[in-house]
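Descriptive analysis of the structure
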Amino acid sequence: MSRGIRAVALLEGAKGAVVLLAGFGLFSLVHRDVQRFAEILVTHAHLNPASRVPRVFLAFANRLDDARLWQLAAGAMAYSAVRLVEAYGLWYGRRWGEAFAAASGAVYVPFEVRELIHRPGPLSLALLLVNLGIVGYMLYALRRRTAR
């Protein structure tokens, strides 16, 4: 098992764990005053509620009802499950894990290219390059495995 594949497994597992925690956080907001919670977060972070990002965040929180929270939490759980299954497959050296990682990474490439075109910046470029690197490495690992 190569260190590179283990590194990708750790990255995907970490993404899955973070999103899983976010999903549980969304579940915990059901039947609560989300708007008030958002206001407390903005105040606690010492952000100006009139500036662009906090204003958008507060407006979004104002539109969240219980049904939407359930939908977002369920989506977070599904995404997390995908990332954790991928991490498992990679960690334990499964061929399907490598194929799954290549395919799931490739899905994001068109969206990342679009983002880079419409809002160029170092973060957009870095995300695209990292993702392309992972997809390329997974394809290389698959090809190397097939050549054995």
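Preceding this section is the structure that the text describes.
In what follows, the accompanying structure is described. (Residues numbered from 1 in each chain as written. Predicted model: local features only at pLDDT ≥ 70, side-chain atom pairs only at ≥ 80, totals over all residues. Heavy atoms only, no water.)

A separate point is the overall build of the chain. The helix and strand tally for the chain stands at six helices and zero strands. Going from N to C terminus, the chain has its helices and strands arranged as α-α-α-α-α-α. In terms of overall dimensions, the chain is more spread out than a globule: its C-alpha atoms have a radius of gyration of 19 Å, far above the 15 Å expected for 148 residues. Expressed as lengths along the three principal axes of its C-alpha atoms, the size of the chain is roughly 60 × 35 × 25 Å. Taking all 148 residues of the chain together, 30% fall into the buried category. The contacts of the chain with a sequence gap of at least 6 include a subset with a gap of at least 24, amounting to 65%. With an accessible surface of roughly 9800 Å², the chain has 68% of that area assigned to carbon and sulfur atoms. Each charge class in the chain can be summarised by its mean position, and for the 18 positive and 9 negative side chains these summaries are 10 Å apart. (Helix = DSSP H or I, 4+ residues; strand = E, 2+ residues; numbered from the N terminus. Rg over C-alpha atoms; globule rule 2.2 N^0.38 Å. Buried < 20%, exposed > 50% of the residue type's maximum accessible area, 1.4 Å probe, protein only. Contact = heavy atoms within 4.5 Å. Areas by Shrake-Rupley, 256 points an atom, 1.4 Å probe, with all protein chains shown as cover. Lys, Arg positive; Asp, Glu negative; His and termini not counted. Charge placed at Lys NZ, Arg CZ, Asp CG, Glu CD.)

On the surface, Leu10, Val82, Val85, Tyr88, Trp91, Tyr92, Trp96 and Phe100 cluster together into a nonpolar patch covering about 750 Å² of accessible area. Those elements giving two or more residues to the nonpolar patch turn out to be helix 4 (66–91) and helix 5 (95–118). It is helix 4 that contributes the most residues to the nonpolar patch, four residues altogether. Structurally, tryptophan 91 is set in helix 4. (Patch = residues over 30% accessible without salt bridge, like charges linked within 9 Å, V, L, I, M, F, W, Y side chains within 5 Å. Salt bridge = Lys/Arg side-chain N within 4 Å of Asp/Glu carboxyl O.)

Evaluation of the coordinates by the stated rule reveals three aromatic pairs. Between the aromatic rings of tyrosine 88 and tyrosine 92, the centroid separation amounts to 4.8 Å while the plane-to-plane angle is 45 degrees, which identifies the pairing as tilted. Taking the relative accessible area as the measure of exposure, tyrosine 88 reaches 43% and is therefore partly exposed. For the cation-ring pair, arginine 6 lies above tryptophan 91, with the distance from its terminal atom to the ring centre recorded as 4.0 Å. (Phe/Tyr/Trp six-rings, centres within 6.5 Å; stacked < 30°, edge-to-face > 60°. Lys NZ or Arg CZ within 6 Å of the ring centre and 35° of its normal.)

Leu26, Leu29, Val30, Val34, Ala38, Val42, Leu58, Ala61, Leu64, Leu69 and Ala73 form the largest nonpolar core, which has eleven residues in total. Within the residue set of this core, elements represented by two or more residues are helix 2 (34–44), helix 3 (52–62) and helix 4. Ranked by the residues each element gives to this core, the list is headed by helix 2, at three residues. With sequence-adjacent residues up to four places away left out, leucine 58 is seen in contact with Gln35, Ala38, Glu39, Val42 and Pro49. (Core = buried A, V, L, I, M, F, W, Y, C linked by side-chain atoms within 4.5 Å.)

Turning our attention to the environment of isoleucine 134. Structurally, isoleucine 134 can be placed in helix 6 (residues 122–147). What makes isoleucine 134 buried here is its relative accessible area of 13%. Along the backbone, isoleucine 134 and alanine 101 are 33 residues apart, and their C-alpha atoms lie at a distance of 8.0 Å. When near neighbours in sequence (up to four residues on either side) are disregarded, isoleucine 134 contacts Val8 and Leu11.

Our next topic: the layout of surface pockets. By volume, the largest pocket amounts to about 270 Å³. Where the lining of the largest pocket is concerned, the elements lending two or more residues are helix 1 (3–28), helix 4, helix 5 and helix 6. The dominant element in the lining of the largest pocket, judged by the number of residues it contributes, is helix 5, at five residues. Residue classes in the lining of the largest pocket are distributed as seven nonpolar, three polar and five charged. (1 Å grid on protein atoms, 1.4 Å probe; cavity = no way out; pocket = protein on both sides within 12 Å on 5 of 7 lines; lining within 4 Å. Points joined across faces, edges and corners; volume = space filled by probe spheres on them. Nonpolar A, V, L, I, M, F, W, Y, C, P; charged D, E, K, R; others polar.)

Under the 1.5 Å per step criterion, the end-to-end length of helix 5 is 36 Å for 24 residues, consistent within 8% with the ideal 34 Å. Largest kink in helix 5: about 30 degrees, centred on valine 109, with the proline proline 110 one to four residues after it. Of all the residues in helix 5, the buried ones are Gly97, Glu98, Ala101, Ala102, Ser104, Gly105, Val109 and Glu112. Along its buried surface, helix 5 packs onto helix 1, helix 4 and helix 6. (Expected span 1.5 Å × (residues − 1). Bend = angle between axes of the 7 residues up to and from the residue.)

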